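Coordinate inspection notes
Listed below, chain by chain, are the residues.
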Amino acid sequence: MTSRTADPLRTLYDVLAAQQAAQPTTVRSLPADERRAYMREAKRRSRERQREAGEAGSPLATDDAIRAALADAALMILATDAPGAEQVMSALRRAFPGRGGVPATVRARCRSGALRPTLLRSRSDARGT
């Protein structure tokens, strides 16, 4: 009776061991040099995808692109004194404590066009006119 119950357990163990052995190696388990090479190549592919998406006119929603879009929106709000301008000025005051002139300088530079949006552009700017 013992041999009959041991066989299904051994079979299950063998199946599970084979499944685990068939799984690909994770990046974390790679040696340091191979991990660095893998990460370097992954970053290169990511930058390539971002570049292609940007050239196609629809950038990927990466953290940096989202921050740039939000910064551009804040620049446009300050330049036009749109609703929310006071909240942007308040955020600038919190970001640069002890530098009271920074918010006013930023607002003046936005209005003069010295600080321009980088990601969000008007259609005429995008065409180069």
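The structure reproduced in this document is the subject of the present report. Computed from a predicted structure; not experimentally measured. (Residues numbered from 1 in each chain as written. Predicted model: local features only at pLDDT ≥ 70, side-chain atom pairs only at ≥ 80, totals over all residues. Heavy atoms only, no water.)

What about the pattern of salt bridges?
Under the definition given, this model contains 10 salt bridges. A salt bridge links Arg36 to Asp33, with the shortest nitrogen-to-oxygen separation between them at 3.5 Å. Highlighted residues: Arg36 and Asp33, both in helix α2 (residues 32–55), separated by 3 residues, approximately one helical turn. A salt bridge links Arg45 to Glu41; the nearest nitrogen and oxygen atoms lie 3.8 Å apart. Of this pair, Arg45 and Glu41 both sit in helix α2, 4 residues apart, which is roughly one turn of the helix. Residue class for Arg45 comes out partly exposed when judged on its relative accessible area of 35%. Three or more residues joined by partner-sharing salt bridges are found here, namely Glu41, Arg44 and Arg45. (Salt bridge = Lys/Arg side-chain N within 4 Å of Asp/Glu carboxyl O. Helix = DSSP H or I, 4+ residues; strand = E, 2+ residues; numbered from the N terminus. Buried < 20%, exposed > 50% of the residue type's maximum accessible area, 1.4 Å probe, protein only.)

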